[in-house]
Each structure stands twice: as C-alpha cells, then as structure tokens.
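Notes for the structure review
Each chain is listed here by its residues.
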Amino acid sequence: MQQIHIKGGKELEGTINISGAKNSCVALLPAAILSSDKVTIDNIPEISDVYYLEKIINELGGVITKEEDSFKIDCQNIENVAISEEYSSKLRASYYFMGALLGRFHHVEMYFPGGCNIGLRPINLHLEGFKKLGAKVINKGNKYVIDAERLVGTFINLDFASVGATINILLAAVLAEGETIINNAACEPEIVNVASFLTSMGAKIYGAGTSRIKIKGVTKLHGGFTEVIPDRIEAGTYLIMGALIGKKITINNVIPEHLESLTSKLLESGTKLEIYEDKIVVYKNEVKNPISIRSQVFPGFPTDIGQPMGLYMTQLNGFSNYEETIYENRMQYTKYLNLMGAKMMVNGQKLSIIGPTPLKGAYVTATDLRAGATMVLAGLIADGDTYIDEINHILRGYSGIIEKLSNVGANIEIVEI
Ligand code: EPU
C-alpha cells in the first residue's frame, strides 16, 4: 500500500505550473469518440482518471497516440461494445460515454459510474435528458441500456444546473436531428472547453458558458482540436497553500477569471495576491481576517475548493463559516483536521471554525480527492510528520503533485508500506 509522508512546517517558495483541468479532460476524451476522424487534445494532465478513460477508449477499439501531453485519438473503427464495470466504476466521468455513444451509435450499455463518495450523486437529469431526445433507458441493478431509434432535438430544462447532465446532453444532442435547447444549463468553464472542442469538430453550439445552450444537430463530425483549459481547482488548491505557508509562490498557467470567487475570499481574509494575465503570485496571509463562504455553481464559490478552504479557515483569527450546498457528504475531512488540532464543528451542511489553531502531524486518510489534497496542505503546515492513506484518491486528480510540491521546497514523498 502507498502512503504520502510529509514533514511539515517548511516555508515554501517557487513556481508551480498548473496542468490541464481534470473535469474538462474527462469529458473531452469521451467526446472524441463522436468523430470517426482523428482528433487532437493537448495539455492532458497525468492523472489516473485519464488512464481509465484511455482504457475505455481502447476497449471500444479506439487508438490513442501520445506525444508528451498531447493525445491523438482515432475512433474510426470503434465498436459499440458494453463498457466493462472494472473501468467505469473507477471514475465518475465514465458516464460521459453514455452521451457520446448514444450520439454516435444510438445505443449504449454501461454500468453506474464510480467517483468520490461525497454524496448521493444520482444521474436522473442525464437520463431524463436522453429520454427527451427520444431514447429509452432500461436500468437493471447497476447496469444501464440506453437505446434510440432516432434522436430528435427538443427543449430540455434542467431542474438543477448540473455540470454532468449539461455535458452529457450536449454530447448526445450534437448529432441529433434538429434543434436542442438546454435551459438552466451549467455555466462552468469546463463546459465551454467541451463545446469549443465539439465546434472544432463541426458541431453547431451557441451559448455555452451561459444558462441557455442551443445545439443545431449535424449529421457527422470531423476531426478537431482543443487544448485542455488550466485546472482551476488544482490552481485554487495551490493558491490556498501559498496563502497558508508560501514565502512567495507563483501559480503559473491559470485563467484568473476562473478563480475570482476564490481570490476575492483570499483577499478579503488579508492574503496578498498579485494577479497577472496568466499567473498569480501569493504570499502567506499575515492578516488573517475570518470569512464566511457558501458553495455555489459557477461563478460562485466552487464546492471542489471547499475542503482546502476549510483548512485555510482554521488558520484565520476567530470564527469563520462554510456552508456546502452541492453535496451532502463533503465534511468527512473535518474529523482528521480536528485530530491534528483544528476546531471545526459540523452541523449538517454547515461548518463553524474557530482559529487560529496550530496543527500537529498525524496519521490521516484521504476520504476523497479534495479531502486528500486538504490532508496534503494540512501536513505541509503541521508540526512534525503526517502520513496519508488511500492516496489513490489524490492521484486521480492532481497531476505530478509530489514533484510540484518538492520543487517549491516541500518535504513530501510517497512511501510503500
Ligand atoms: N445531481 C442530481 N441529478 C443529476 C445530476 C446531478 O441530483 O442527474 C446533483 C448531484 O447529486 C449534486 C449536484 O447535482 O448534488 C451537482 O452535480 P453536478 O452534476 O453538477 O456534478 P457532477 O457533474 O457530478 C462535476 C465535477 C465535480 C464537481 C461538480 C460541480 C466531474 C467529473 N466532476 O460533477 O468534481 O464538484 O461538477 O462543479 O466533472 C471534483 O473534482 O472533486 C468533483 C467532485
């Protein structure tokens, strides 16, 4: 078994280059199968979610040629076989093969996706969207069989602006007959990235990034190209790290507009930031004003940065508050921070924090991806040694984390036990 071992308390200094966004890339790879010509995707992060998506594309008969972080994907000869549960259960985003295979073949067989245990995470909005486009969904136990004689464009209003449902419906609708409207669509930057990739392949999509997306169906998609946008959650995690323990940390390759809900909270709490066109320089917060945050859909404060931000709040003066509004089960990490010396009180979806509390190293667990990243940051600021279990969660989403942190002076390693 592997663990991350950190010797904490070391001030960090230097530059971190942000990788391509996990949550974009995990939709772009399945989107590639909509074309029977070759497509190219650049800036792919080295994370295990990508590894399993590659496995699924290979299982379907797609061929991927890699050159550094660029993937050329040839899905000319893919066969629409059932996707094995072994791979689909490894990550949430395997569900994007539902929309893509439905779009291209009008038939999909696959199992309920995996992913972090952070709440119930149903996929009813995805399935309702497919049904509205004309598909029949048969669900037996864990398996879904989705079939459509024809896919016909229609008006789809999402009850909640779900990122996954918006992208999945988009994938199914680009090759449908006629016009589809997705109303109350999610506006996250990852959706714009996917829509611009599909557009480069010949799809007709208008309004991606707003709450109303219009898709005019086309009969075929050709080759295309995109670059994965910088990972705003990875960038946010390292910005928070800089605010906690950075002498001077430069976060390179970011789109600062994607991070405004976070940077405004860091500034409000007294962190010094220098924001440039594609990089942000962050210094340790010496002012430590307490803050209140509520997670929201984009452009609100992202749920995915809620856990690292909870840790940050343990180092501010007095009472800070956080409310999680997207997932039911994203507070498991607080018990480990409390073990390290934090004072965090959970009441349902609300979290009250009293700070500042020095942390001491401990044996902790990465209960999910972002909780795992939070344990890494906690280990970096804690006194002594921290050992983190279940690091597979962390490696699912943080490309080169050990190397990136070692380069700014952290004492961090993966150990086999
Ligand atoms: N929801 C439903 N029904 C649906 C779909 C969603 O009730 O059919 C609910 C979910 O249960 C959840 C809320 O709506 O409570 C938000 O779900 P959404 O569909 O927006 O999220 P997702 O597509 O499952 C993606 C990211 C998450 C990120 C959210 C919100 C991927 C693979 N995952 O999930 O990323 O938290 O959007 O921005 O893109 C992470 O990176 O740590 C992570 C969990």
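It should be emphasised that the depicted structure is a prediction, and the values quoted were computed from it without experimental measurement.

Before going further, it helps to examine the overall build of the protein chain. In terms of helices and strands, the protein chain carries 14 helices and 23 strands. Overall, the C-alpha framework of the protein chain stretches about 60 × 45 × 40 Å when taken along its three principal axes. Sequence-distant contacts, at least 24 apart, represent 72% of the contacts inside the protein chain between residues at least 6 apart. Surface exposure of the protein chain reaches about 16,200 Å², of which carbon and sulfur atoms provide 48%. Of the side-chain charges in the protein chain, 39 are positive and 46 negative, and the distance between the mean point of each set is 4 Å.

One pair of aromatic rings is described through two measures. These are the centre distance and the angle between the planes. Scanning the entire structure with this criterion turns up 6 aromatic pairs. Measuring from ring centre to ring centre gives 5.0 Å for Tyr-51 and Tyr-52, while their planes differ by 80 degrees; the resulting arrangement is edge-to-face. Arranged with centres 4.9 Å apart and planes meeting at 80 degrees, the rings of Tyr-95 and Tyr-96 form a pair that is edge-to-face. Per residue, the accessibility class of Tyr-95 equals that of Tyr-96, and both read buried. The ring centre of Tyr-283 lies 4.3 Å from the NZ or CZ of Lys-272, which sits over that ring. The ring of Tyr-276 carries Lys-279 above its face, with NZ or CZ at 5.1 Å from the centroid.

Criteria and cut-off values
Residues numbered from 1 in each chain as written. Predicted model: local features only at pLDDT ≥ 70, side-chain atom pairs only at ≥ 80, totals over all residues. Heavy atoms only, no water. Helix = DSSP H or I, 4+ residues; strand = E, 2+ residues; numbered from the N terminus. Contact = heavy atoms within 4.5 Å. Areas by Shrake-Rupley, 256 points an atom, 1.4 Å probe, with all protein chains shown as cover. Lys, Arg positive; Asp, Glu negative; His and termini not counted. Charge placed at Lys NZ, Arg CZ, Asp CG, Glu CD. Phe/Tyr/Trp six-rings, centres within 6.5 Å; stacked < 30°, edge-to-face > 60°. Buried < 20%, exposed > 50% of the residue type's maximum accessible area, 1.4 Å probe, protein only. Lys NZ or Arg CZ within 6 Å of the ring centre and 35° of its normal.

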